[in-house]
Amino acid sequence: MVRRAQPERTCVGCRRRAPASELLRIVAVGDEAGHSLRPDPARRLPGRGAHMHPDPACFAQAVRRRAFGRALRITGVLDHGELAEHVEAPTTTSGQPDRAKVASKVGRPT
């Protein structure tokens, strides 16, 4: 049986290498107000991506170090509100945030 090598990426928060399947891909989406960071768990959004463990500690460390701008090659202030909600949201067994619990936290109907 032949083993295939899994792609590895470096977490922008803790700087540890891990298989890409264990890390959350993050992309910057531009609009008239600037750029906002969006989680890309399906790994399908276009553009340059940064990778991070889906852990609030890694997120806080990446924000403190301003690592997202460097990894995504974007200058200026990045809005990381949506990414913070995704990282801090309770997850289901699939690793995705539980939409009902997130919606109730922000006051939106499911």
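Quick caveat: nothing in here was measured; it's all calculated off a predicted structure.

## With respect to the pairing of strand β3 (residues 24-31)
Bridging between β3 and strand β5 (residues 49-52) involves four bridges; their strand directions are antiparallel. Residue pairing in the sheet places Val27 in a bridge with Gly49 of β5. Where β3 meets strand β4 (residues 34-39), six bridges bridge the pair, whose relative direction is antiparallel. Across the sheet, Val27 pairs through a bridge with Arg38, a residue of β4. In this antiparallel pair of consecutive strands, β3 and β4, the connection spans two residues.

## Focus on helix α3 (residues 81-88)
Within the span of α3, buried status applies to Leu83, Ala84, His86 and Val87. Projected down its long axis, α3 carries its buried residues within an arc of 165 degrees, all on one side. If you follow the buried residues of α3, they end up packed against β3, β4, β5, α1 (56-65) and α2 (67-72).

## Quick word on unusual backbone geometry
Here Arg15, not a glycine, exhibits a phi torsion of approximately 65 degrees, which is positive. By the secondary structure assignment, Arg15 is in the loop between β1 (8-10) and β2 (17-19). One non-glycine residue, Arg66, lies in positive phi territory at about 55 degrees. With respect to the helices, strands and loops of the structure, Arg66 is situated in the loop between α1 and α2. Take Arg66: its relative accessible area is 68%, and that puts it in the exposed class.

## As for the pattern of salt bridges
Under the defined criterion, the tally for this structure stands at three salt bridges. With a shortest N-O distance of 3.4 Å, Arg17 and Glu8 are connected by a salt bridge. Among the salt bridges present, the one from Glu82 reaches Arg38, with a minimum N-O distance of 2.7 Å. You can see Glu82 sitting in helix α3 and its partner Arg38 sitting in strand β4, a full 44 residues away along the chain. Classification of Glu82 as partly exposed rests on a relative accessible area of 41%. The exposure class assigned to Arg38 is partly exposed, which follows from its relative accessible area of 27%.

## Describing the sheet that holds β3
Spatially, four strands are ordered β5-β3-β4-β6 in an open sheet, and the strand pairing comes out mixed. Both edges of this open sheet fall to β5 and β6 (78-79), since each of them pairs with a single strand only. Looking at chain direction, β4 and β6 are connected through two bridges and run parallel. Bridge pairing in β6 places His35 opposite Leu78. This element, α3, spans β3, β4, β5 and β6 of the sheet and lies at about 15 degrees to β4.

## What about the side chain of Ser36?
Position of Ser36 among the secondary structure elements: in strand β4. A polar contact is formed between the side chain of Ser36 and the side chain of Arg38, at a distance of 3.5 Å. Discounting residues that sit within four places of it in the chain, Ser36 has contacts with Val27, Ala28, Val29 and Asp79.

Definitions and cut-offs
- Residues numbered from 1 in each chain as written.
- Predicted model: local features only at pLDDT ≥ 70, side-chain atom pairs only at ≥ 80, totals over all residues.
- Heavy atoms only, no water.
- Pairing = 2+ DSSP bridges.
- Helix = DSSP H or I, 4+ residues; strand = E, 2+ residues; numbered from the N terminus.
- Buried < 20%, exposed > 50% of the residue type's maximum accessible area, 1.4 Å probe, protein only.
- Arc of directions from axis to C-beta.
- Contact = heavy atoms within 4.5 Å.
- Salt bridge = Lys/Arg side-chain N within 4 Å of Asp/Glu carboxyl O.
- Axes fitted to C-alpha atoms, helices over the stretch in contact; angles between N-to-C directions.
- Polar contact = N/O pair within 3.5 Å; in protein donor to acceptor, adjacent residues only side chain to side chain.

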